[in-house]
Each structure stands twice: as structure tokens, then as C-alpha cells.
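Reading the structure
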Amino acid sequence: MAKKRQKHSLNADTRLNLTIGLTSYLSDRRSATLQELADHFDVPLSEIELGISAMFCATVADSEEQWAMAINDNWREDGVVELQSQMILEGQPRISARQATALASGLAVLAGVASDEDRGEIEGLIAVLGQGTVKAAGSSVTILPGTIDADFAKMRQAIASQKRVSFEYFSNKDVTTQREIDPVQLISNDNEWHVRGFCHLRNEIRDFKLERMRKAEVLETPWGAQAHELELNEELYEAAEDDIKVVVEVTPEAYDLIGNYNAEILSSSGLNDEIKRVEMKIGYLPSLGKLIARYGGAAKVISPPAAREIVRDYALKALGRKPLETT
Amino acid sequence: MAEKVTPGTRLFNLACALLYTSRGLSADEIFSRVAGYSESHVPFGDKRALNKLFERDRRELNEAGIIVETLNPSNDKQTFFYRVSKQEFLWPNGLHLTPRQIALLNLAATVWAGASLSRDAASAALRIRGLGEIDDLSELAGLAPRIRTHHPSFTTFSAAIEDGSQVSFEYRKPGESKPETRNFRPWHLQNVWGQWLVLGFDLVRKEPRSFLLRRVIGEVKVNKADPKFCSKDELKAAQTSLQDFIDSNEVTLRVKPDTSAWFRFEMDDKPKATPDEVTFNFMDVHLLADDLRQYAGEIEVLRPKLLRDLIEAGFEKVVEIHHG
């Protein structure tokens, strides 16, 4: 299993949700060490201490009586929290309709890729969450997953059994190479699946699009040390030092570019500020042609001039005309 | 209670107090009894500072997914009571989640990483973890499906659906330069192959409609409350008509071997009678044209002609705006 990322200090609302979570956890278990709580909630020890001290001080008033949660006085010194009684949050968590929607739609995405056995369980959970949003007809979000690539199952199997895979890969430079990788994670970008792993050809961590693979096979060779050490990073596209900065103007029809390339918004203009000027980092400039031209005018390259030319020439070539002379 | 009450503790105390009151608490009751407020409370004293503090805390709770509602039972517009909205989702009583279910919910929360509902999902996950032990999902390990929605309208539509509100927004039809105002009662958000649509009732045309989020221009305005929630049948009918529309749209392409398009359309697996042709359904011809412009020189559109024309018109536009 890959190393977990250590999260840094939390904001106020995350702290509050953590404290609510801690209360229901402890009312079920009654006692836990601070370290156990930090591990379970996957947050730093200092955040657990803040949460417990909030609980320690909590006094609640609904009538003339004052209620306090009874926690052992020496929890900080002992490193163990015991919840002796609490009359405040009885067991069941409350989550808002929006939180229920976020979870239900996340589950719907999972259902599209899970095994049959898990799918039953996931659909059961979706139904439970649907009960909460009584007014609307079930969950307020539906996700229809696209078709899953045939190589998907092989990659999953390789990740679960920590084995190496081989395949032919057609790169974005339109070159086919034979690859062997130790796959650690399958990541989707909406509908497009990538596998992230340690590539033995390039000797580094790489992302591969499933749709550009052919003849994938799970090998007998187990993962190497690099795959075990892989720090998982959430960003789909990681900018490299030598990436080229391209400034692009996008209207809403091309906002996808912002999310997919983690672009930075520089300014807004136009009706309702709909036009966003953004800076994106591009590793391989020739690929910009298809990336921008696909939007048919909803995305416009501002600079550098070389990037404008690439896009223009891609469109000219598509129309069967000759590239313009560079001035 | 010798320790000074920190803002985090005050917020938590307030949340607990408002969660577990059934009739609601008046501002005076909150100020006199909830630790964090009570220290600065003077009976019959000036309450302006406390009121301001309370308003700020309410906003903060709101952001954390705890919606505080205001009740005025005597209708006198003077005595207000506050409590956590009963519309809040309460976990069904007696339902016990297994460690495996908790783990699945946790994984579901990560699907929104960085996108529109990520804050709601992350805060829900923290509360869910409180339910007990968490399983190690070894066979789901390494799966990281992600929704990358960055449409600014998503959260407004989602809130309007849950609260039951009418909205208006500017919508630009493809090929037109000026958007049109739409008055709409949103019912449901639907993602079809990665594209987000909002389904609902067009209040001017008086019929169910669906709109693509990517064509919504600028902010969505939330108008008056509309308690008419759609029935399961109405929603089903809207979804069926969308599916019928998709089923009626068909495209056929000829694909050049050893190109990225050949991989994308999985041409290796196609029947041998027409080894380089592929036919499939699509939702929107303009979106498909956008998609296919990535494969210039690699594909030929055999039908429909409209698609071919749109792809070409888009390229003309690209050339025009990248001149000089």
C-alpha cells in the first residue's frame, strides 16, 4: 500500500465535521487512544487534540439544565479518551442533503467500475442516502458511466495482486512503444481512464491513457520497490520544470480545459465575466493543436506566438490548406 | 470550565445545542447558555456584538453543511427560534453500517476531489468515519474515479434542486453569439458520458427540458421558492426522452489505421466486413464535432453531413481567431 499523504491544518468547518465524527465514534466505542483516533480519521494528532478539547468543553443547553459531555479529565496526559456519557449526539450522524448528494453521486461513479459483489452493496447505500432527500425524486444527481475499456479489468487485477503489466502504447507523439509498468492506481478524469505506475522503459512514474493501450497482459513479475514507494498524487497532470506556459482565453463551452489542465485563471471579462483568460502548462507543444482546435473557437490562444501558429496550422491542415508563411 | 472557550469550541457547542433542541432556541437562550457566548452575556445588556457573532457562526455552520433554520411560531416577527433544519438528512434509525460500507462511503467521497461538491463530500466523510471501524478495501485499492466538474453553475443548480427553487440563467445555443434568458425549475443533474446536463421544467415553454451546463453563461440566479418537486414518473419521463433522443442520433466514421483515433474507437475489435468503419450513438452533434476535431486527418465522417459541416465550420473559426 502506498504511503498516505499527511494532511496539514484543517479549516474551521472541517474541524467541526471532524468533532461531530469523533463524538459518534466515541459514543460507539467509548474509549480510544489519541493515536488510534488520528489513524482512523487520517488527520494529524494535533487536530484530534483540538477536537477532543472542543468536546471536553462542550456544554449544551436545551432546557434549564446544563449538560456536559463526560470525558476523563486526564485525556491529554494519558493519551486515552474515554467518553463516559454523552447526551448530545446519539449515535446517528446527520448529514446535509448536499452531503448526501455528494456521497450518492460518488457511489454512482464507483458502482460503474466495481465488481458485481460490491455493486449490490453500493446500490444499497445509494438507496439509503436517497431516503434522506425525501422531497426530490431520489438522489438529485445521476451519472451514466461510459463504456469501460477492455484493459481496465487487467489493470485492476494487476494492481490488486501487485504484478507488472506489459502493453503496446500509442503516445501523444503518435509513436508506438512496448511498455512494462508496475501499475498502482487507476484514475479517471470524468470518463477517461488513466493508469498510473512506474514505467520500466523511462524509469519514472508515468500516466497512461487506457484508450491508447493495446495487447495488455498481466505478467508474473511482482512490483519493484519503486511502485511500493510511490507517493500518490491527486493531480492528474503534474507540471514539469520545462513545461511551456500558454495563455488561453476560454468561454464556458471550453471551461473543461481549466479543470483538466489545472489552469490558473488570470482575469475575467465579457458578459457576466464569461470569458476567462487562463494560463496552462503544456509539456509537448505540438499536441496543443488538437487540444485547442477541438473547441471550434471557444478557446483562443493569446501567447506565445508559436502556440498560436501551431493551433492555426492544425486547423488549416484539417481543412486541406497549406500552413501560412511565418512572418 | 476554567479553560478559555476557543472559536472552534464555541461553534461546536452551538452546533450541538441547535441540533438537539426540538422547539428551537431563542437568541437570548443561546447567549445565556452556550459556552463561548455566555461569558460575554449580560442580562438586558447590549447584544449587538453577540448578535454579530451569532450571524457569523451561522454562516460558518452553513458552510460546514449544518443548515440553521429560523422559526417564528407566533408569527409576530419578534420572537425567533433557531434550530438545525429538519430537512437535514438523518441517518435512518437503527441502520448499522459495516466496516466495508463505511469504507465504500469514504471512497465515494474522494470521487469529488477538487471538483464542485468536494467540500461537502469531504465533510460528510469525516462524519461517516465516526460510525465505526473502517475496512481495508483491498480489491478496490488503486481505484480513483474522479469527477472533474468545474462548471460554476453546478453548485447553484444542485442547491436549487434540493431547496426547491426556480432559477434563471443565460443559455447560449451552439452557433449563436447571444445567449437567451431561461426561466427554469431544476429537477435533476445528470452526467452523460462525462457531460453534465440539468433536467427540469422550462417555466416559459411549459414543458420539461434539459440544458448542458457548459452552455450556461455566467451566474445562475436563484428566484422564488417553488415547492412543486417533480415526481419519480416525471423525472423518469424526462430521462427516457433524453435516452430516446440519443438512440435516434447515429454517426458513422471511417478511421485511418495506426492513428490515435484507431485506438480511441477500438478499431482492433471491429468486425472484419468493414474493418475501418465505426458506427455509434451520440447525444449532441455540436459536442461530437468538438470531440472529433481532435482527430483531424485520422477520420472521415461518412454521415451525417451536418456533423461534417460543423467540424469544418469550427476549424474555419479557429483559423480566423488565430490569424496574425
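We now examine the packing of helix H9 (residues 285-292) of chain B against helix H10 (residues 305-321) of chain B. Residue and element names in this part refer to chain B. Interaxial distance between H9 and H10 falls to 9 Å at its minimum, and their mutual angle equals 55°. The angle between H9 and H10 falls in the class oblique. Once H9 is placed against H10, the crossing between them reads as right-handed. Contacts between H9 and H10 involve Val 285, His 286, Leu 288, Ala 289 and Leu 292 from the first element and Leu 306, Leu 307, Leu 310 and Ile 311 from the second. Its residues assigned to classes, the contact of H9 with H10 shows 8 nonpolar, 1 polar and no charged.

In this section: helix H2 (residues 34-41) of chain A. An α-helical turn contains 3.6 residues, so any two residues separated by three or four positions project in the same direction. Residues and elements named next belong to chain A. Residues of H2 that are buried: Leu 34, Leu 37, Ala 38, His 40 and Phe 41. On an axial view of H2, the arc spanned by its buried residues comes to 165°, and they lie on one face. Just beyond H2, the residue with positive phi is Asp 42, at close to 60°.

Below, the discussion takes up the nonpolar core. In this structure, Met 155, Phe 167 and Leu 186 of chain A together with Trp 112, Phe 157 and Phe 169 of chain B are the most contacted members of the largest nonpolar core, which totals 76 residues. If we skip the residues at most four places from it in the chain, Leu 186 of chain A touches Phe 152, Met 155, Arg 156, Ile 159, Trp 193, His 194, Val 195 and Leu 210 of chain A together with Gly 142, Leu 143, Ala 144 and Pro 145 of chain B. Core analysis: the second largest hydrophobic core is formed by 48 residues, Ala 263, Leu 291 and Ile 292 of chain A together with Phe 265 of chain B among them.

Let's shift gears to the packing of helix H11 (residues 305-318) of chain A against H10 of chain B. H10 of chain B packs onto H11 of chain A with a crossing angle of 145° between their chain directions and a minimal axis gap of 9 Å. For the pair H11 of chain A and H10 of chain B, the crossing hand works out as left-handed. Only Phe 315, Val 318, Val 319 and Ile 321 of chain B of H10 of chain B make contact with H11 of chain A, whose side of the interface consists of Arg 308, Val 311, Arg 312, Tyr 314, Ala 315, Leu 316 and Ala 318 of chain A.

Each regular strand carries side chains that alternate between the two faces of the sheet. All names here are of chain A. Of all 8 residues in strand E10 (residues 192-199), 7 are buried, a share of seventy percent or more. Bridging between strand E9 (residues 176-189) and E10 involves 8 bridges; their strand directions are antiparallel. Bridged to Gln 185 within E10 is Arg 196. Between E9 and E10, which pair antiparallel in sequence order, lie 2 residues; one of them, Asp 190, sits at a positive phi of approximately 55°. As paired strands, E10 and strand E11 (residues 204-209) are joined by 6 bridges and run antiparallel to one another.

What counts and what doesn't
Residues numbered from 1 in each chain as written. Chains lettered and ligands numbered in written order. Predicted model: local features only at pLDDT ≥ 70, side-chain atom pairs only at ≥ 80, totals over all residues. Heavy atoms only, no water. Axes fitted to C-alpha atoms, helices over the stretch in contact; angles between N-to-C directions. Helix = DSSP H or I, 4+ residues; strand = E, 2+ residues; numbered from the N terminus. Parallel < 35°, antiparallel > 145°, perpendicular 65-115°, else oblique. Left-handed = near helix turned anticlockwise from the far one by under 90°. Contact = heavy atoms within 4.5 Å. Nonpolar A, V, L, I, M, F, W, Y, C, P; charged D, E, K, R; others polar. Buried < 20%, exposed > 50% of the residue type's maximum accessible area, 1.4 Å probe, protein only. Arc of directions from axis to C-beta. Core = buried A, V, L, I, M, F, W, Y, C linked by side-chain atoms within 4.5 Å. Pairing = 2+ DSSP bridges.

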